[in-house]
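Notes for the structure review
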Amino acid sequence: MSLETIATLSETSATQPTAPTATSTATSAAKSRRNFLATAASTSAILGTSSFLSRTVHAAGSDMIKVGLVGCGGRGNGAAKDAMNADAGCRLTAIADVFYERLEDGKKQLRKTLGEQYQASDDQCFSGWDALDRILQTDINVILLATPPGFRPAQMEAAVAAGKHVFCEKPVAVDPVGVRRVMAASASAADKGLCVVSGLCWRYDLGVKATIEKIQSGAIGEIVSIQENYLTGTLWHRTPKEEWTAMHNQVLNWLYYRWLSGDHIVEQFIHSLDKALWLHNDVPPIKCYATGGRQVRTEARYGDVYDHFSVVYEWADGTRCYASTRQMADCFNETEDYVYGTEGMARVLKNQIKGKEDWKFEGDKPSMYLLEHVALMKAIRDGKPINNGGYMCKSTLMAIMGREAAYSGQVITWDAAMASNQKLGPDRPDWGDAPAVEIPMPGQYKFIDA
Ligand SMILES: NC(=O)c1ccc[n+]([C@@H]2O[C@H](COP(=O)([O-])OP(=O)(O)OC[C@H]3O[C@@H](n4cnc5c(N)ncnc54)[C@H](O)[C@@H]3O)[C@@H](O)[C@H]2O)c1
């Protein structure tokens, strides 16, 4: 089924959020893509694909769900543990990492933490640039994608083509071309009845979910503006060894290279931007402008990323989101979503509303990281696929749009970002030359708008 057909089907559903307002410059292809983004979450329900899903799960002739992991880093190993804890019938049966040493470390750690749920024999563990292709040839039902985001579009395409359910860490891409590839792969997953669950974990947090639902049901009146703060300290940096090549260093210190991370506005701040999107019923902003720079983290080892961004996003209805993020040591830190309405205000992460009636979420809060996998495994077992493709692509593009506005110093529209042919990384990465490192200068840097 094509994206266009899915968009048409979905547009007829009364349950869909309003599609974003198109500007006169949008191409029909961009419109179709945008419609898909607005509607992918429930497409699979419309298509009624549960029988395919059940066949896939039970292909092994048992109730076991076989899980494969790509990327044995902090998050990948954590996601594998969450997947095992989510469903007693899960087994980790295959593992992949581009580096042999990291694969071996991952195996050791996972064997220890997963106990009998670890069933990845050595011939089901793969390293090298083709590790993803080889793990997809095994009989896993689910793949956990937890490598640096620059690799995600190609991996997502391959995983869906191989008929695997996907848990996909955030962000899903680092450039608009990558976002469109993941949109298409998500649509294909919907066609095939495969699950796509996103690592945008706040969507699965019970307190945040309850707070946003209250706001959406009018607890603070109409939303006027949102302030997103992600003001935090510095992250890890892996000290290069003598034998590392430039490419080896970039892949291991991927946070600092935008072809791999998308810069920290995309890699980390996406969590906050996704909540602003969610508060707007997943309707994206129409445009943004921004400032940003590289003031403290200036050494060469920090690649080509900025250390602060401040973006003003504007929606078609006139509401705005004032979004600031900073990664600097020894400064004031705060991560919070402030939502101002005509009849009150809310703090989403604090799960608190001061409005017509004051309210605070007091319920249990199991780990949101676990809940993502509970939802995924339950969907697989029930034959009712979940597809988070819509919002995970939209919030990735929203972050890219803010980054490009800061880099260029120009206003960037949603339609221009959606139509952009910007592609940051190599088609087929290998251990040859590493991509050039160039720090964007506002006023000089040019946004690729088509
Ligand atoms: N949802 C969250 O709260 C959260 C938290 C942390 C990280 N993340 C996301 O998880 C992803 C991984 O982050 P991390 O902190 O675990 O990074 P990491 O560097 O610790 O781990 C990444 C692993 O992927 C491997 N790898 C790199 N390129 C590969 C390739 N092409 N094929 C196979 N393996 C490859 C690396 O060798 C490494 O072992 C990122 O997208 C990050 O944004 C999400």
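These notes cover the structure that comes with them. Just so you know, these numbers come straight off a predicted model, no measurement behind them.

Conventions adopted
Residues numbered from 1 in each chain as written. Predicted model: local features only at pLDDT ≥ 70, side-chain atom pairs only at ≥ 80, totals over all residues. Heavy atoms only, no water. Core = buried A, V, L, I, M, F, W, Y, C linked by side-chain atoms within 4.5 Å. Buried < 20%, exposed > 50% of the residue type's maximum accessible area, 1.4 Å probe, protein only. Helix = DSSP H or I, 4+ residues; strand = E, 2+ residues; numbered from the N terminus. Contact = heavy atoms within 4.5 Å. Expected span 1.5 Å × (residues − 1). Axes fitted to C-alpha atoms, helices over the stretch in contact; angles between N-to-C directions. Parallel < 35°, antiparallel > 145°, perpendicular 65-115°, else oblique. Left-handed = near helix turned anticlockwise from the far one by under 90°. Nonpolar A, V, L, I, M, F, W, Y, C, P; charged D, E, K, R; others polar. Pairing = 2+ DSSP bridges. Near = heavy atom within 4 Å. Polar contact = N/O pair within 3.5 Å; in protein donor to acceptor, adjacent residues only side chain to side chain. Areas by Shrake-Rupley, 256 points an atom, 1.4 Å probe, with all protein chains shown as cover. Salt bridge = Lys/Arg side-chain N within 4 Å of Asp/Glu carboxyl O. Patch = residues over 30% accessible without salt bridge, like charges linked within 9 Å, V, L, I, M, F, W, Y side chains within 5 Å. Lys, Arg positive; Asp, Glu negative; His and termini not counted. Charge placed at Lys NZ, Arg CZ, Asp CG, Glu CD. Phe/Tyr/Trp six-rings, centres within 6.5 Å; stacked < 30°, edge-to-face > 60°. Lys NZ or Arg CZ within 6 Å of the ring centre and 35° of its normal.

Moving on, we get to the nonpolar core. Core analysis: the largest hydrophobic core is formed by 105 residues, its most contacted members being Leu92, Ile95, Ile135, Met156, Tyr313 and Met392. The element best represented in this core is helix H16 (residues 389-408), accounting for eleven residues. Contacts of Tyr313, omitting those with residues within four sequence positions, involve Ile265, Leu273, Pro285, Lys287, Cys288, Thr319, Arg320, Cys321, Ala323, Met398, Ala399 and Gly402.

Structurally, the position occupied by Leu273 is in helix H14 (residues 270-279). With 123 residues separating them along the chain, Leu273 and Thr396 place their C-alpha atoms 8.7 Å apart.

Turning our attention to H16. Helix length check: H16 (20 residues) gives 28 Å between terminal C-alpha atoms against 28 Å at 1.5 Å per residue, within 8%. Among the 20 residues of H16, 20 are classified as buried, and the element is accordingly described as predominantly covered. Residue Gly409 follows H16 closely and has a positive phi angle near 80°.

On to the packing of helix H5 (residues 74-86) against helix H6 (residues 100-114). In contact at an axis separation of 11 Å, H5 and H6 are set at 25° when each is read in the N-to-C sense. Classed by the angle they form, the pair H5 and H6 counts as roughly parallel. Note on packing geometry: the crossing formed by H5 with H6 is right-handed. Contact residues: Asn77, Ala80, Lys81 and Met84 in H5; Gly106, Gln109, Leu110, Thr113 and Leu114 in H6. Of the residues belonging to the contact of H5 with H6, the class tally is four nonpolar, four polar and one charged.

On any regular strand, side chains alternate: one points to one face of the sheet, the next to the other face. Along strand E7 (residues 223-232), eight of the ten residues are buried, which leaves the element largely enclosed by surrounding structure. Here E7 runs beside strand E11 (residues 334-341); their pairing, made up of eight bridges, is antiparallel. Residue pairing in the sheet places Asn229 in a bridge with Glu336 of E11. Looking at chain direction, E7 and strand E10 (residues 320-327) are connected through eight bridges and run parallel. Bridge pairing links Asn229 to Ser324 in E10.

Here we take up the site of the ligand. Taken together, 31 residues form the shell around the ligand, and within it Asp97, Arg102, Arg152, Trp254 and Glu267 come nearest. Within the contact set of the ligand, an oxygen atom lies 3.0 Å away from a backbone nitrogen or oxygen of Lys170. Arg238 places a side-chain nitrogen or oxygen 2.8 Å from an oxygen atom of the ligand. Relative to its unbound accessible area of 850 Å², the ligand is 91% covered by the protein chains. Broken down by secondary-structure element, the contributors of at least two residues to the shell around the ligand are H5 and helix H8 (152-161). With three residues, the top contributor of residues to the shell around the ligand is H5. Of the residues contributing to the shell around the ligand, the split by class is 15 nonpolar, eight polar and eight charged.

Each full turn of the α-helix corresponds to 3.6 residues, which orients residues three or four apart in the same direction. With ten of ten residues buried, H14 is to be regarded as a mostly interior element. In the segment just after H14, Asn281 is the residue with positive phi, at about 55°.

Look at helix H10 (residues 206-216) against H14: their axes get within 10 Å of each other, and the N-to-C directions meet at 35°. Relative to H14, H10 is oriented so that their crossing is right-handed. Residue-level inspection shows Val208, Lys209, Ile212, Ile215 and Gln216 of H10 in contact with H14, the latter providing Lys275, Trp278 and Leu279. When its residues are assigned to classes, the contact of H10 with H14 shows five nonpolar, one polar and two charged.

A few words now on the pattern of salt bridges. The final tally for this structure, using the stated rule, is 21 salt bridges. A salt bridge links Arg75 to Glu169; the nearest nitrogen and oxygen atoms lie 2.7 Å apart. You can see Arg75 sitting in helix H5 and its partner Glu169 sitting in the loop between strand E5 (165-168) and helix H9 (176-192), a full 94 residues away along the chain. The partner of Arg181 in a salt bridge is Glu157, and the shortest N-O contact between them spans 2.8 Å. One end of the pair, Arg181, is in helix H9; the other, Glu157, is in helix H8, and 24 residues separate them in sequence. For Arg181, a relative accessible area of 29% translates into the label partly exposed.

Another point: the sheet that holds strand E14 (residues 359-360). By way of backbone hydrogen bonds, the strands of a sheet pair with one another, either parallel or antiparallel. With mixed pairing, the nine strands of this open sheet are ordered in space as E14-E13-E12-E11-E7-E10-E9-E8-E15. The open sheet has two edge strands with one neighbour each: E14 and strand E15 (412-413). Two elements, strand E8 (residues 287-293) and strand E9 (residues 308-314), share seven bridges in a ladder whose sense is antiparallel. From the neighbouring strand, Gly292 faces E9, where its bridge partner is Phe309.

Turning to a negative patch on the surface, a few remarks are in order. Where like charges cluster on the molecular surface, the negative patch consists of Glu101, Asp105, Glu242 and Glu243. Here Glu243 shows up in the loop between E7 and helix H11 (246-252).

Quick look at the packing of aromatic side chains now. Inspection of every chain in the model, using the stated rule, returns eleven aromatic pairs. The interplanar angle of 35° and the centroid separation of 5.2 Å between the aromatic rings of Phe99 and Trp431 together place this pair among those described as tilted. Residue Phe99 is found in the loop between strand E2 (90-97) and H6, and its partner Trp431 is found in the segment after helix H17 (414-419); the two are separated by 332 residues along the sequence. Relative accessible area serves as the criterion here: at 6%, Phe99 is assigned to the buried category. One aromatic cluster is present, built from ring pairs that chain together Phe99, Trp129, Phe151, Trp259 and Trp431. The lysine or arginine in question, Arg203, covers the ring of Tyr391, its NZ or CZ lying 3.7 Å from the ring centre.

Such coordinate-based values are descriptive only and should not be taken to indicate function.
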